[in-house]
Amino acid sequence: MDAWLKKSSKNANLKPPAAAAATSSSKAAATEASTSDGASFPKIKVKSTAAPLDPARQPWVEKYRPKSIQDVAAQDHTTAVLKKTLGSANLPHMLFYGPPGTGKTSTILALCRELFGPELMRNRVLELNASDERGISVVREKIKTFAKAAVSPPDPNFPSPPYKIIILDEADSMTQDAQSALRRIMETYSRITRFCLICNYVTRIIEPITSRCSKFRFKPLDQANTKTRLEYICDEEKVHYAEGSLDTLIKVSEGDLRRAITFLQSASKLHASADDPITPRSIHEIAGIVPDSTLARLVEALGVELTTASGDNDADMLDAQDVKLNSSAKNGAKDGFARVKTQVEMIVREGYSAWQILSQLHDLLILDPLLPSVAKAAIALAMGEADKCLNDGADEELQILHVCLQIRAAVLRG
């Protein structure tokens, strides 16, 4: 009897799961209330797991991206027009076109930052680039949904005009159907949404869209503005460079400031100490430029006589081995096809891209004052055909060999 009473008393003390859960929740609520009332228990702050972005680890292209319209370099006409829109807050649909690395995306992002501010910009600006899907379904769903959404409340510290902005980067990669669907959306929601299309080739944008946009052409950066920007980055990052390195970097980048900054950051990692400054030769190696001596051997095998006044003061000119090779070639020591094939194999095995070889051959031969115009025309046609074949996936070594043999035939014909 006593054992039965003890067992029943134990069961009476047990609580069902629901009651236990209610008790634990009530205790947690009491603990939270006591904590919020300022009791002796300290508050527990939950920290975000996302680490803050370290500027030292950030790519220089993003780190030194213009933050305002005034920071955009070498696009005076475009920045002057956009500055006036900041005062009136009346922005039309825009179409930015021009070569890559000239500041198209940076300009519109800087404009949005000045119009809405960093916080409101998250709700008012939608940016889509080439990595996003560009089919007609995205235009009808994602872009249309954002375009017809209501405008969020303005920020009193910024102009905050009553519309949103949709940025379509690399819009020339959109299909014709997607562009046609976009045209109707631009008309329907123009009261609360503005579009900014960014492309490299304006001819790939359909006429109904271009007629609805204000077009702004971005030209390649000139040498003065590019050098000023690169010198500023070198001063900020404490980068040491030899004389002529920045000029070589500007020549290699061909007006593309983004490419120049990327090459500069790569070169700074190779020459980290002050005793080892960046040299023009290291810039050529990073950019994948074919050295002058290697290219000169190939051109000599093609039967073209190089002039001494080539305008290139680099140290990589013809050495004694090149002179010996040229003299033996003039004496008929090697067959023409064998010489060309040997040089092509050597230059391709060095790892240089076929596009880079064609580009440097084009600049060297087409600008040569000693070659006749008929030969230059034949050379240009051969290079154009090779470029088409390379884009279609042809073998690089065979295409370079084919072009070189055609160049040699055109030079011999005169």
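Caption draft 1: Seen up close, helix H18 (residues 396-413). In this model, H18 (18 residues) spans 26 Å end to end at C-alpha, consistent with the 26 Å of a helix rising 1.5 Å per residue. Close packing links the buried residues of H18 with helix H13 (292-301), helix H15 (336-349), helix H16 (354-366) and helix H17 (373-391). Directly after H18, the chain includes Gly 414, whose backbone phi takes a positive value near 85 degrees.

Caption draft 2: Structural detail: the sheet that holds strand S2 (residues 125-128). Pairing in this open sheet of five strands is parallel, and the strands run S2-S3-S4-S1-S5 from one edge to the other. The open sheet is flanked by S2 and strand S5 (214-217), the only strands paired with a single partner. Pairs of neighbouring strands in the sheet enclose a mean axial angle of 15 degrees, with direction left out of account. Bridge count for S2 against strand S3 (residues 164-168) is four bridges, and the pairing is parallel. Bridge pairing in S3 places Val 125 opposite Ile 165. Across the sheet, helix H5 (residues 104-124) is in contact with strand S1 (94-97), S2, S3 and strand S4 (193-199); its angle to S2 comes to roughly 135 degrees.

Caption draft 3: Molecular detail of unusual backbone geometry. Within the chain, Lys 238 stands out as a residue other than glycine whose phi angle is a positive 55 degrees. Relative to the assigned elements, Lys 238 resides in the loop between helix H9 (223-237) and helix H10 (245-253). By relative accessible area, which is 64% here, Lys 238 ends up exposed.

Caption draft 4: Quick peek at the packing of H10 against helix H11 (residues 257-270). At a minimum axis distance of 9 Å, the contact between H10 and H11 shows a crossing angle of 135 degrees. When the axes of H10 and H11 are compared, the pair comes out oblique. In the packing of H10 onto H11, the handedness of the crossing is right-handed. Facing Leu 249, Val 252 and Ser 253 of H10, the residues of H11 in contact are Arg 259, Ala 260, Phe 263 and Leu 264. Classifying every residue of the contact of H10 with H11 by side-chain character gives five nonpolar, one polar and one charged.

Caption draft 5: How the structure looks around H11. Relative to the 20 Å expected for 14 residues at 1.5 Å per residue, H11 spans 20 Å between its end C-alpha atoms, a close match to the ideal helical length. For H11, every residue scored as buried is listed here: Leu 257, Ala 260, Ile 261, Phe 263, Leu 264, Gln 265, Ala 267 and Ser 268. Buried residues along H11 sit against helix H3 (60-63), H9, H10 and helix H12 (280-287).

Calculation notes
- Residues numbered from 1 in each chain as written.
- Predicted model: local features only at pLDDT ≥ 70, side-chain atom pairs only at ≥ 80, totals over all residues.
- Heavy atoms only, no water.
- Helix = DSSP H or I, 4+ residues; strand = E, 2+ residues; numbered from the N terminus.
- Expected span 1.5 Å × (residues − 1).
- Contact = heavy atoms within 4.5 Å.
- Pairing = 2+ DSSP bridges.
- Axes fitted to C-alpha atoms, helices over the stretch in contact; angles between N-to-C directions.
- Buried < 20%, exposed > 50% of the residue type's maximum accessible area, 1.4 Å probe, protein only.
- Parallel < 35°, antiparallel > 145°, perpendicular 65-115°, else oblique.
- Left-handed = near helix turned anticlockwise from the far one by under 90°.
- Nonpolar A, V, L, I, M, F, W, Y, C, P; charged D, E, K, R; others polar.

Read these as spatial facts, not as claims about activity.
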